[in-house]
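Take a look at the letters that make up each chain.
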Amino acid sequence: MDGVHDMGGRQGFGAVRYTQNAHAFHADWEVRANSLYAFAARRGIFNMDEYRHAIERMEPRHYLAASYYERSLTSLATLLVEKGVVTREELEQRTQGHFPLAAPSAPGRSNAAARERFQPGDRVRVRADYVPGHIRMPGYIRGKTGVVVSESPAYPFPDAHAHAVEAENEPTYDVRFRSEDLWPNSAESALVHVGVFQSYLERAL
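None of the values given here were measured: they were computed from a predicted structure.

**Points about the packing of aromatic side chains**
Part 1 of the argument: Inspection of every chain in the model, using the stated rule, returns 11 aromatic pairs.
Part 2 of the argument: When the centroid spacing of 6.3 Å and the interplanar angle of 55° are considered together, the rings of Tyr 155 and Phe 197 count as tilted. Of the two residues, Tyr 155 is situated in strand S2 (residues 145-156) and Phe 197 in strand S4 (residues 191-197); the sequence distance between them amounts to 42 residues.
Part 3 of the argument: With a relative accessible area of 8%, Phe 197 lands in the buried category.
Part 4 of the argument: Pairwise contacts between aromatic rings join Tyr 155, Phe 157, Phe 197 and Tyr 200 into one cluster.
Part 5 of the argument: The ring of Tyr 63 has Arg 71 lying over it, and the distance from NZ or CZ to the ring centre is 3.8 Å.

**Digging into the nonpolar core**
Part 1 of the argument: Grouped together as the largest cluster of nonpolar side chains are 20 residues, with contacts concentrated most on Ile 141, Val 175, Phe 177, Val 196, Tyr 200 and Leu 201.
Part 2 of the argument: Elements with a contribution of two residues or more to this core: strand S1 (123-126), strand S3 (169-178) and S4.
Part 3 of the argument: Broken down by element, the residue count for this core peaks at 4 residues, all from S4.
Part 4 of the argument: Of all hydrophobic cores here, the second largest spans 13 residues; its members include Tyr 37, Ala 54, Ile 55 and Leu 80.

**So, the environment of Val 126**
Part 1 of the argument: For Val 126, the position within the fold is in strand S1.
Part 2 of the argument: Given a relative accessible area of 1%, Val 126 falls into the buried group.
Part 3 of the argument: When the C-alpha positions of Val 126 and Arg 136 are compared, they lie 12 Å apart, and in sequence the two are 10 residues distant.
Part 4 of the argument: Leave out the neighbours within four places in its chain, and Val 126 touches Met 137, Ile 141, Arg 142, Gly 143, Lys 144, Phe 177, Tyr 200 and Leu 201.

Calculation criteria
- Residues numbered from 1 in each chain as written.
- Predicted model: local features only at pLDDT ≥ 70, side-chain atom pairs only at ≥ 80, totals over all residues.
- Heavy atoms only, no water.
- Phe/Tyr/Trp six-rings, centres within 6.5 Å; stacked < 30°, edge-to-face > 60°.
- Helix = DSSP H or I, 4+ residues; strand = E, 2+ residues; numbered from the N terminus.
- Buried < 20%, exposed > 50% of the residue type's maximum accessible area, 1.4 Å probe, protein only.
- Lys NZ or Arg CZ within 6 Å of the ring centre and 35° of its normal.
- Core = buried A, V, L, I, M, F, W, Y, C linked by side-chain atoms within 4.5 Å.
- Contact = heavy atoms within 4.5 Å.

Below, the structure is given as structure tokens:
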């Protein structure tokens, strides 16, 4: 899905702010939220693709204003309600107020029917796919052409895995793009590497 979460390659946000040697947690509740998320994932209540998609489904203003662990907590709570582990009413009784959850999910999709195996050096094009559900293809590479560098181990196709749709394992390819092709007349010359699932690629003629 195209959403506020997909900020890769966007312009106008200024320099990336960061802190050297920053602490992973800044409050006790962040530790608890992270622990609960890890516990639920290990128990098989949800998978990582479902977790990521629940964050993507957050109301845009909430997403932009939320901290990293608030997004994690929103995803966790949303999935626990959707899986029937808790109810929204129980959450709001505990918090004594409104508990914001992510929006309902759209349908997912299975692996591409026609998938091709690629070798290092092959020129490939990213499919111009627009889907309402989860997708692990960053928007800035949609429709762009690059060169395969290597192949990574197979993993369940995330567009299906996030939606309880049958997901076959498939490899990701390290694809090298030229910055000039990604952002014509708007970027210094550089090479950008992106891990791209097999279903997102087609051979470039």
